[in-house]
Each structure stands twice: as C-alpha cells, then as structure tokens.
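Geometric and topological summary
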Amino acid sequence: MSKIYDLIVLGAGPAGENVADVAHQSGLSCAVVERHLVGGECSYYACVPSKALLRAGAALRAAQRVDGAKQAVTAGVDVVGVLRRRDYMTSGGTDGGQVDWLKGAGIDLFRGIGRLQGKKRVEVQALDGSTTVLEARHAVCVSTGTTTSTPPIPGLADVGYWTNREATSTEKIPDSLLILGGGVVACEMATAYVSFGCKVTMLVRGKKVLERMEDFAGEMVLKSLLELGVDVRFGVETTRAERQGEKVVLHTTLGSLSAQELLLATGRAPATVDIGLPSIGLPSGKYLQVDDTLLVSAATNEGDAWLYSVGDANGRALLTHMGKYQGRAAGGVIAARALGVEVSTAAWGQFVATADHAAVPQVVFTDPEVAAVGLTVEEARKRGHRVRVVDYPLGSVSGAYLLSDGYTGQARMVVDEERQVLLGATLVGQDVAELIHAATVAIVGEVKLERLWHVVPSFPTVSEVWLRLLEAYGRPGVKAT
C-alpha cells in the first residue's frame, strides 16, 4: 500500500520546509522526506553554527577598537564559552523543535532515504531497512542541497579530513589547521579558528580570496586575515595527502605542509546522487536545471508539470535565504497549478524567482564583513550594461568613525547609466551586514537615483554612506539658460 499526498518534498532543509509550508497553507496535503536532521545543513553545520563561532571574536575585536572599551579587554576569546553558545544555537544537534514545527504545520515527516521510483512516486527507506511508498497527486520537489566537493588528490580519502560539518561541530579546537580553498567558507573558518589560538594556513589555488566578489573586497579581507595571523599561500596545487601520526601532511607545488587537521573548503556539489533521478531519465549527481517557476523542464512531458527543485540542488544561488525565497515561489506555483489557478510567469510575480538572476544578496562574516548584492562591475559589463562605478571610503562617514576608532572600509555602487538605477552594491567594513538590505530594496525595486536622493539616512549612522555615494555620483543640477 502506498500513501498519497498532493506534494512530496525530498529534503527538509529551509528551502524544502518553505515549499511544503506555502503549499500546505494553500490547501495541499504535504509530506517531507529527510534522511538526516530537519532544518538542514544551515541550521546545524553551516550558517548558524559558523556565525556563532565567529561572533565572539568579532565582538572582542570591536571592543578593542573603541577607546574606553579596549582598556577593559584583558583576555582573548573563551573557547569553552564559544562552543557552549554554538551548541545552544544549534539545539545541541537535535531537531526536536523543527519536527514539532512540521507537526504543528500539518506536514507529515518521513525519516529515511527518499528515492524517486518513476514519475510522482517516491520510495522511502527508513534506518531500520523498512520501506514506505509515497505517491504524489500533483508534484515532487527536490530540495536535497549540496555536499562538499572533494578534489581528486591522491591519498585524500585516507587522511580523515574535515568538511564544514566537522569544522562547525567540533568539540575540540586543533592546535593547527590547514584549509584548502579561498572562498567564503575558507575565509570565515580561518577567521574563527585563528581567534581560538589555532595556527591556520590557507592554501589557495588561485591568485586571490573571494574571487567572485569585487576585487577590493578580497583584498581587504586578505589584509585582515594576514593581520590576524593566518598564513595565506596562493597558487598552490596539492599533489598528495597522507596522515603521519597526529598530523595531516599535504605535499604541494610549494613544498610540504602539516597540521593537526585539514579542512576542505573547495566548493559544493549537488546532493542528487542517490535520489533516483535515473528512474525518470535524468542524470545522477548533477544540478537540476529549472525555469523561473522552479520547474524541472526536462521531466515535463505533454504539459504535465510535476517535478520541481529548490535551494542548492538546482545550483541557481547557493544561499539559504535564496533557497527559502525559491521555496516560497515554488510552493505557491505548485498549489496554483494543482488548484487550476492561472500562473503568470512574468518577472517579479508571486510564482517566479526573478531575484536569482541579478539581485542576490550575500554577507561574508569575516572581519571586516563583506556585504554585496546584485552585479559586480565585471558581471554588469559582461551583460552589456553601460555602467558607472562609484566608490566611497566608509571610514569617512561620521557613523563609522563613531562606531570604531580608525574605522576602515569601502563602499561601491554600480549604476546602470541608461536607466539610472543601481545594478549592484558592495560594502566592506565592520558591521556592514545590516546595510545591504537597503541596496537590495533599491535594486529589486529599480528605484531611480533621483528618487534615492529623497531616502534620507539618519545621522550619525553608517547608513549615511548611501548619501555620500550619491554625492560622489553627482546630483542633477539646474543650468541657467
């Protein structure tokens, strides 16, 4: 006997939870299949615990930058306290609260490995080996996320390396840590672990860190990492890995290096290997290509829209908040199609994830923080926009130098000269994370620069940087005739 639901969701991370919640609120019956913890990677091994690990060091350094407060700082980070707070933030690695939320929302949970067994059919293999067959009246949504991408380095599989999961859940801080990678995870974990007194070495294959962001962002984060004591090496190719006693040894093109632990921060791969995609004619282990309604068009035959994918599994924007955004859109469109409601695919409507293309916000919680949204200068020009770039030193804003003695930072806006709207913005500096939403609103709303002059920032706050950027761009003047 099979159990029948309107919608079956594979993966109970934030994206999957949102799909099910929105669809259920619209009247659909929903089941969620999860093989690990309800709440997903973000809640237990990524966003939440990593920021908990970073916060104490950031708060300590912020106090050290203010005369009158720095004199009270007499010790470094208390690692025991940091780990205790992290455990609190992650509910000790248990998902009881999230499970209760699903139950309260009226969504059924099936624990186990969910695999597609043909169209609209999912088999769930529980931990005890028993199986349950679920059938979907209308749709199945894949929200299985990603896993660490493992580079093909000889010997790597035998050394007992860390991924983000071990780095964010460890109960013991190693004396030394090698990090492979130069992206967000690498930079954040280097910042956290060096604040714990760990000797950190970053090995970067390329020539810079945070290479997908504006150049000045990576340059300022690199400067900070070096000042904190992180050993950053560029142009490194690892040829072999081995374990020698208590140490991991990496043999590289720049010589051999060793540390107590090795963290792989080498990117992500879609977690679509073991979910039964070949049963519907799709390749295993690939990102699921979707349209703006999050529909997997390759699985759609004769107009039967039934397979969707949201979150990291579709590869559009590998960020928790974007997965949740996609989940809300997909939950709405699945319900609409199931109920026979007309679905508009016009940009910025309730059934589409338009923001994925050019309005994705992101914060890197290094010290300084990096907050960015929209297109970089390079991306904007590649897309054919005629742009003007405006930069302004954040340390010159009254709110910034009141916040921190010797504040250093940088702000940039990328302007579409033809439409006179923002295409992108990047801010680097202490506590800039909360500033980026203003730019996100301006980009999504396509607010003209002439109207932004009327968005008055409070004095003295760091938000005054938006006024300074506009002044640097130049206010339309009145010319005598």
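Residues numbered from 1 in each chain as written. Predicted model: local features only at pLDDT ≥ 70, side-chain atom pairs only at ≥ 80, totals over all residues. Heavy atoms only, no water.

If you check an unreviewed UniProt entry, the protein chain appears there as Putative pyridine nucleotide-disulfide oxidoreductase from Calocera viscosa. According to the UniProt record, the Sequence similarities (unreviewed entry) comment for the protein chain reads "Belongs to the class-I pyridine nucleotide-disulfide oxidoreductase family." (UniProt positions renumbered as here; feature names shortened; annotations may be inferred.)

A word on the overall build of the protein chain. Secondary structure assignment for the protein chain yields 14 helices and 21 strands. Computed over its C-alpha atoms, the radius of gyration of the protein chain comes to 24 Å, within 12% of the 23 Å expected for a compact globule of 481 residues. C-alpha atoms of the protein chain, sized along the principal axes, occupy 80 × 70 × 40 Å. A total of 481 residues make up the protein chain; the buried ones form 50% of that total. Sequence-distant contacts in the protein chain: of pairs separated by 6 or more residues, those separated by 24 or more amount to 64%. When the accessible surface of the protein chain is split by element, carbon and sulfur atoms take 51% of a total near 22,100 Å². Across the protein chain, the centroid of the 47 positively charged side chains sits 2 Å from that of the 52 negatively charged ones. (Helix = DSSP H or I, 4+ residues; strand = E, 2+ residues; numbered from the N terminus. Rg over C-alpha atoms; globule rule 2.2 N^0.38 Å. Buried < 20%, exposed > 50% of the residue type's maximum accessible area, 1.4 Å probe, protein only. Contact = heavy atoms within 4.5 Å. Areas by Shrake-Rupley, 256 points an atom, 1.4 Å probe, with all protein chains shown as cover. Lys, Arg positive; Asp, Glu negative; His and termini not counted. Charge placed at Lys NZ, Arg CZ, Asp CG, Glu CD.)

Before going further, it helps to spend a moment on the pattern of salt bridges. Enumeration over the complete set of coordinates arrives at 26 salt bridges. Of the charged contacts, one joins K223 and E227 as a salt bridge, the two residues approaching to 2.6 Å between their closest N and O atoms. Here K223 and its partner E227 are both found in helix α8 (residues 215–228), four residues apart, which amounts to about one turn of the helix. Residue E227 is classed as exposed on the basis of its relative accessible area of 57%. The closest approach of N and O atoms between R412 and D391, which form a salt bridge, is 2.6 Å. You can see R412 sitting in strand β20 (residues 410–416) and its partner D391 sitting in strand β19 (residues 387–393), a full 21 residues away along the chain. The class for R412 is buried, based on a relative accessible area of 16%. (Salt bridge = Lys/Arg side-chain N within 4 Å of Asp/Glu carboxyl O.)

Let us now look at helix α4 (residues 79–89). Considered for burial, the residues of α4 that qualify are G81, V82, L83 and R86. Of the surrounding secondary structure, the elements contacted by the buried residues of α4 are α3 (47–64) and α6 (164–169). Positive phi appears at S91, one or two residues downstream of α4, with a value of about 55 degrees.

Turning our attention to the UniProt feature "binding site: NAD(+)" (unreviewed entry) in the protein chain. UniProt's entry tags G181, G182, G183, V184, V185, A186, C187, E188 and G267 with the feature "binding site: NAD(+)" (unreviewed entry), counted in the numbering of this structure. Of the residues just listed, which span 87 residues, no C-alpha pair is farther apart than 13.8 Å, and they cluster in one region. The residue G181 is located in the loop between β8 (176–180) and α7 (184–195) in this model. Accessibility expressed as a relative area gives 12% for G181, which makes it buried. Among all residues touching G181, those that are not within four sequence positions of it are A186, M202, L203, V204 and A265. Relative to the helices and strands, G267 resides in the loop between β14 (261–264) and β15 (268–270). Residue contacts for G267: discarding those within four places in its chain leaves T147, T148 and S149.

Mapped onto the fold, S284 is located in the loop between β15 and β16 (307–309). Overall, S284 belongs to the partly exposed group, its relative accessible area being 32%. Once the C-alpha coordinates of S284 and A271 are considered, the two residues, 13 residues apart in sequence, prove to be 9.2 Å apart. For S284, the contacting residues outside a window of four places in its chain are T272, V273, D274 and P278. A distance of 2.6 Å separates a polar side-chain atom of S284 from the backbone oxygen of V273. (Polar contact = N/O pair within 3.5 Å; in protein donor to acceptor, adjacent residues only side chain to side chain.)

Glancing now at the nonpolar core. Among the nonpolar cores identified, the biggest contains 88 residues, and L7, L134, L307 and V465 are the most heavily contacted of them. Element by element, the count of residues in this core is highest for helix α9 (residues 320–339), at eight residues. Inspection of this core shows a minimum of three residues originating in each of domain 1 (3–37 + 94–147 + 269–356) and domain 3 (368–472). Dropping the residues within four chain positions of it, L134 is found in contact with K3, Y5, I8, A31, V33, F110, K120, R121, V122 and V124. Counting 38 residues, the second largest nonpolar core, distinct from the first, contains W162, V194, V209 and V370. (Core = buried A, V, L, I, M, F, W, Y, C linked by side-chain atoms within 4.5 Å. Domains from an automatic or database assignment.)

What follows concerns the packing of α7 against α8. The contact between α7 and α8 brings their axes to 10 Å, and the two run at 25 degrees. In terms of orientation, α7 lies roughly parallel with respect to α8. Once α7 is placed against α8, the crossing between them reads as left-handed. Contacts between α7 and α8 involve C187, A190, T191 and V194 from the first element and V221, L225 and L228 from the second. Its residues assigned to classes, the contact of α7 with α8 comprises six nonpolar, one polar and no charged. (Axes fitted to C-alpha atoms, helices over the stretch in contact; angles between N-to-C directions. Parallel < 35°, antiparallel > 145°, perpendicular 65-115°, else oblique. Left-handed = near helix turned anticlockwise from the far one by under 90°. Nonpolar A, V, L, I, M, F, W, Y, C, P; charged D, E, K, R; others polar.)

Listed under "binding site: FAD" (unreviewed entry) in the UniProt record, and renumbered for this structure, are K51, G114 and D312. Taken along the chain, the residues just named run across 262 residues; in space they spread out, the farthest C-alpha pair reaching 30.5 Å. Structurally, the position occupied by K51 is in helix α3. Looking at K51, the relative accessible area reads 25%, which means it is partly exposed.

Remark: the centre distance and the inter-plane angle together describe each pair of aromatic rings, the angle taken between the planes. This structure, assessed with the given rule, holds four aromatic pairs. Measuring from centroid to centroid gives 6.0 Å for Y5 and F110, while their planes differ by 80 degrees, and the two rings are edge-to-face. Taken together, the positions of Y5 in strand β1 (residues 2–10) and F110 in strand β3 (residues 108–111) put the pair 105 residues apart, joining distant regions of the chain. Across this residue pair, the class does not change: Y5 and F110 are buried. Through a chain of ring-to-ring contacts, three or more aromatic side chains come together here, namely W162, Y193 and F196. Lying over the aromatic face of Y473, R388 brings its terminal NZ or CZ to 4.4 Å of the ring centre. The ring of W453 carries R475 above its face, with NZ or CZ at 4.8 Å from the centroid. (Phe/Tyr/Trp six-rings, centres within 6.5 Å; stacked < 30°, edge-to-face > 60°. Lys NZ or Arg CZ within 6 Å of the ring centre and 35° of its normal.)

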